[in-house]
Amino acid sequence: MANTKHEDAIMKMGFDYFRDNILKFLGIDHEFAEIGPTELVELTIHSLYMDFTFLTTDGIYIHIEFQTTDGGEEDLRRFHAYEAVYSNKTGKKVITYVIYSGGIQKTMTELDCGLYRYCVKPVYMQVKDAEEVFRDLRKKRDAGKTYTEEDFARLSLTPLMYQRAERKDTIKEALLLAKCSKSRTAEKTEAILYTLADKFLEGSELDEIKEVVAMTKIGQMLMDEGMEKGMEKGTERGMRLAEKLLAAGRKEDYRRAAKDKEFREQLMKEFKI
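- As recorded in an unreviewed UniProt entry, the protein goes by Rpn family recombination-promoting nuclease/putative transposase and comes from Candidatus Blautia faecigallinarum.

Below, the structure written as structure tokens:
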């Protein structure tokens with residue numbers, strides 16, 4: 001899938017948060033100066049798309065790649081090509097971190113290039129459990145506690161962690177939990193989650209995620225009603241209703257719920273929210 005989609009506004013909103021919080025959570029700890037370009041055009045007019053690049057204050061580009069499969073030597077040759085072209089174009093050193101998901105726990109990290117060896121730094125997400133993150137954050141939500149920056153960083157990465165459910169369902173759950181907060185960090189978390197959905201999902205699965213992103217209308221309406229009544233849990237009730245409708249596959253009902261107050265109340269009673 002072409003990375004040009006990642007230039008969508010919702011993705012741009014999450015760049016700084018991804019760089020300053022999520023990368024540090026993964027142990028990729030550098031002082032960054034700016035975001036680097038990700039499209040490389042060779043003289044043969046072949047476009048090479050990198051996932052993320054960031055320039056450090058030391059003048060080194062940090063290149064981030066997300067992988068759900070282990071392509072072995074083929075992947076390393078591709079990453080090596082990225083680095084060679086990028087270094088030639090910028091005149092700077094490049095370090096590549098590869099964030100592996102999809103159950104991958106060990107990969108080939110070095111490539112024999114004759115007089116030298118090329119290497120990448122792997123980060124394995126399989127050692128982290130998405131459901132454990134969800135359990136922790138559900139408890140916090142139900143107890144009325146505020147999510148921390150680290151909580152949001154963990155939530156942003158759940159689609160890459162070990163997961164029992166399908167990836168699209170993991171992304172849905174993460175988005176719904178992020179929507180329980182109205183903070184700027186929550187919005188950036190949603191941006192990162194949507195970016196991962198755009199990278200890993202296609203067709204009807206990606207359409208489902210887009211609908212989840214749009215479901216914020218229900219929570220906003222309930223929050224507005226709650227503010228009028230002096231209540232503080234309108235958003236939480238809206239997100240729970242969205243979760244229930246989504247789990248039951250009732251897409252038409254949650255679309256109608258966004259516009260019909262009486263129907264929303266009927267659904268609240270039905271699901272005992």
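Comments concerning the packing of helix α6 (residues 167-178) against helix α7 (residues 184-200)
Right, on to step 1. Their axes nearest at 9 Å, the elements α6 and α7 cross at an angle of 165°. Comparing the axis directions of α6 and α7 gives the class roughly antiparallel. Our pair here, α6 against α7, has a crossing hand that is left-handed. Taken together, the residues of α7 that come into contact with α6 (itself represented by Arg167, Ile171, Ala174, Leu175 and Ala178) are Ala186, Thr189, Glu190, Leu193, Ala197 and Phe200.
Right, on to step 2. Its residues placed into classes, the contact of α6 with α7 shows eight nonpolar, one polar and two charged.

What about α7?
Right, on to step 1. Taking 1.5 Å per residue, 17 residues should reach 24 Å; α7 reaches 25 Å between its end C-alpha atoms and fits that length.
Right, on to step 2. Of all 17 residues in α7, 13 are buried, a share of seventy percent or more.

A word on the side chain of Glu208
Right, on to step 1. You can see Glu208 is positioned in helix α8 (residues 203-214).
Right, on to step 2. Looking at Glu208, its side chain comes within polar contact range of the side chain of Lys172, at 2.3 Å.
Right, on to step 3. Those residues in contact with Glu208 that lie beyond four places of it in its chain are Lys168, Lys172 and Lys251.

Structural notes on unusual backbone geometry
Right, on to step 1. One non-glycine residue with positive phi stands out, namely Lys272, at about 55°.
Right, on to step 2. Positionally, Lys272 belongs in the segment after α12 (261-270).

Digging into the sheet that holds strand β9 (residues 121-124)
Right, on to step 1. Pairing is mixed across the open sheet formed by five strands, whose spatial order is β1-β4-β5-β6-β9. A strand with exactly one partner marks an edge of an open sheet, and here the two such strands are β1 (32-35) and β9. Between one strand axis and the next, the sheet turns by 25° as a mean value, whatever way the strands run.
Right, on to step 2. Strand contacts of helix α3 (residues 73-90): β4 (52-56), β5 (61-67) and β6 (94-100), with the helix running at about 155° to β5, the strand carrying the most contacts.

Observations regarding the environment of Asp169
Right, on to step 1. Inspection of the secondary structure puts Asp169 in helix α6.
Right, on to step 2. Along the chain, Asp169 and Pro159 lie 10 residues apart, while their C-alpha atoms are 9.0 Å from each other.

Some points on the pattern of salt bridges
Right, on to step 1. Going through the model one piece at a time under the given rule, you end up with 19 salt bridges.
Right, on to step 2. With a shortest N-O distance of 3.9 Å, Lys24 and Asp29 are connected by a salt bridge.
Right, on to step 3. Take Lys24: its relative accessible area is 33%, and that puts it in the partly exposed class.

As for the side chain of Thr189
Right, on to step 1. Relative to the helices and strands, Thr189 is located in helix α7.
Right, on to step 2. A relative accessible area of 0% means that Thr189 is categorised as buried.
Right, on to step 3. Setting aside residues no more than four positions away along its own chain, Thr189 makes contact with Tyr17, Phe152, Leu155, Ser156 and Ala178.

Concerning helix α5 (residues 149-157)
An α-helix turns once every 3.6 residues. As a result, residues three or four positions apart point the same way.
Right, on to step 1. Most of α5 sits out of view: seven of its nine residues are buried.
Right, on to step 2. Burial in α5 covers these residues: Asp151, Phe152, Ala153, Arg154, Leu155, Ser156 and Leu157.

Some thoughts on the packing of helix α4 (residues 130-142) against α5
Right, on to step 1. Interhelical geometry of α4 versus α5 gives an angle of 140° and a closest axis separation of 10 Å. Relative to α5, α4 is oriented oblique. As α4 packs across α5, the resulting crossing turns out to be left-handed. Facing Glu132, Val133, Phe134, Asp136, Leu137 and Lys140 of α4, the residues of α5 in contact are Asp151, Arg154 and Leu155.
Right, on to step 2. Partitioned by chemical class, the residues of the contact of α4 with α5 number four nonpolar, no polar and five charged.

Let's talk about the pairing of β5
Right, on to step 1. When you tally the buried positions in β5, you get seven out of seven residues, the bulk of the element.
Right, on to step 2. Because side chains alternate across β5, one face comprises the buried residues Tyr61, His63, Glu65 and Gln67, and the other comprises Ile62, Ile64 and Phe66, equally buried.
Right, on to step 3. Across four bridges, the pairing between β4 and β5 is antiparallel. When the sheet's bridge partners are listed, Phe54 is paired in β5 with Ile62.
Right, on to step 4. Hairpin connection of β4 to β5: four residues between the antiparallel strands, including Gly59 at a positive phi of 80°.
Right, on to step 5. Pairing between β5 and β6: seven bridges, direction parallel. Bridge assignment links Gln67 to a residue of β6, and that residue is Tyr100.
Right, on to step 6. The handedness of the β5 to β6 crossover, carried by α3, is right-handed.

Analysis parameters
Residues numbered from 1 in each chain as written. Predicted model: local features only at pLDDT ≥ 70, side-chain atom pairs only at ≥ 80, totals over all residues. Heavy atoms only, no water. Axes fitted to C-alpha atoms, helices over the stretch in contact; angles between N-to-C directions. Helix = DSSP H or I, 4+ residues; strand = E, 2+ residues; numbered from the N terminus. Parallel < 35°, antiparallel > 145°, perpendicular 65-115°, else oblique. Left-handed = near helix turned anticlockwise from the far one by under 90°. Contact = heavy atoms within 4.5 Å. Nonpolar A, V, L, I, M, F, W, Y, C, P; charged D, E, K, R; others polar. Expected span 1.5 Å × (residues − 1). Buried < 20%, exposed > 50% of the residue type's maximum accessible area, 1.4 Å probe, protein only. Polar contact = N/O pair within 3.5 Å; in protein donor to acceptor, adjacent residues only side chain to side chain. Pairing = 2+ DSSP bridges. Salt bridge = Lys/Arg side-chain N within 4 Å of Asp/Glu carboxyl O. Right-handed = clockwise from strand over helix to strand, strands pointing away.

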